[in-house]
Amino acid sequence: MALGDGYWIGPDGYVRKVYQHVTDVAEHPEVFGLTREVVDGFGPCVQDKSEASDRLRLAAIMLGWIRVRFYKTHRSIQLFRMNDRELRAIVKLLDEINAHDPEQIKIHEVFTGKRRRPTVGQLRERVAAADERARIQPLIDHVRLPAESCAVCDKTLEEVGGSRVAACMWFGVGLVAAGKLKRPPGDSAGGPIRLDEDLAVVFGGSVWDDEPRARAVAAFRAGRRPWLCQGCARKVCETCGAPLPFMPGTDVLDDDGRRWHHMIAPGGGCKNPRCAPPGSTQPTPMDSSADQAEESGGSDE
Ligand SMILES: [Zn+2]
Ligand SMILES: [Zn+2]
């Protein structure tokens, strides 16, 4: 087969027209982030179809370069991994050069060893989908201040104490791109609810009856993030009901809207000084003489 036009696309999108890919790397190592010594280390005869030339070409691909060759019947592309950057760079090159030429693309992804044969049209659709994701993701990631009250019991943090729970292993609530949902969002039981043109609210876990769902959606509509109090999230001491200070595997929502995660690790437990562990011989919290002494001491002052 006659050698067609060849191109290297660099990690930054820079396009080099080449006669032979591996020769270009061997002659201009600095362009590829390599040195003369490194190239020489691959061995002689890099211009031939030798093992050394295969490895040198692969080295450039591992450094983020995309190898493109235009044949009469198809396009041949070799790259490390097909992500959005690679996808956009390839479609840009195809659009700029001979856009009316063959639809057939052969893509060899080195990282997975996979070989695919998409059409140019399919690659363009993937770019459009990537653009849409890039537009919507910031809307999802946008930092929102906490809602005024717990989505389940409607109490404020001042009323119940503890921290706001944004998500844990058994419940969650969040935003997704509405277009990504398999079925259009509606008000079906437990299902997603559309927030606006772009976003839908999704619910996980069994706490989401009609009222909590409505509160969560209202919170997002007001530009806030819904949360559960520790009581409704069942993150309280089983003995005394005090909010647990340490909640492994839980996302907590701060006053400024930042979320942070309690790592799953041993430790924690109730920090209520008046809490008696189950089965202990200590007096129970509410009727202990220590409490009464404390209260009477307080009234004396
Ligand atoms: Zn609550
Ligand atoms: Zn306790």
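A brief structural summary. In this text the structure is predicted, and so the values were computed from the model without any measurement.

## Here we look at the overall build of the protein chain
Point 1. Scanning the protein chain from terminus to terminus reveals 8 helices and 14 strands.
Point 2. The buried share among the 301 residues of the protein chain stands at 25%.
Point 3. In the protein chain, once contacts between residues fewer than 6 apart in sequence are set aside, the share between residues at least 24 apart is 57%.

## Looking at the nonpolar core
Point 1. In this structure, C150, A151, V201, A216, W227 and L228 are the most contacted members of the largest nonpolar core, which totals 26 residues.
Point 2. Listed by contribution, the elements that provide at least two residues to this core are strand 8 (164–167), strand 9 (172–177), strand 11 (199–204), helix 7 (210–221) and strand 13 (250–253).
Point 3. Non-local contacts of A151, meaning those with residues more than four positions away in its chain, are made with P212, R215, A216, A219, P226, W227 and L228.
Point 4. If you look at the next biggest cluster of nonpolar residues, it comprises 24 residues, including V22, A89, I105 and L123.

## So, the sheet that holds strand 13
Point 1. An order of 8-13-14 is seen for the 3 strands of this open sheet, with the pairing classed as antiparallel. A strand with exactly one partner marks an edge of an open sheet, and here the two such strands are strand 8 and strand 14 (259–262). Averaged over all adjacent pairs, the angle separating strand axes in this sheet is 45°, with direction ignored.
Point 2. Bridge count for strand 13 against strand 14 is 4 bridges, and the pairing is antiparallel. Its bridge partner being in strand 14, D251 is matched across the sheet by H261.

About the cut-offs
- Residues numbered from 1 in each chain as written.
- Chains lettered and ligands numbered in written order.
- Predicted model: local features only at pLDDT ≥ 70, side-chain atom pairs only at ≥ 80, totals over all residues.
- Helix = DSSP H or I, 4+ residues; strand = E, 2+ residues; numbered from the N terminus.
- Buried ≥ 20, exposed ≤ 12 C-beta atoms within 10 Å, placed from the backbone.
- Contact = placed C-beta atoms within 7 Å.
- Core = buried A, V, L, I, M, F, W, Y, C linked by C-beta atoms within 7 Å.
- Pairing = 2+ DSSP bridges.
- Axes fitted to C-alpha atoms, helices over the stretch in contact; angles between N-to-C directions.

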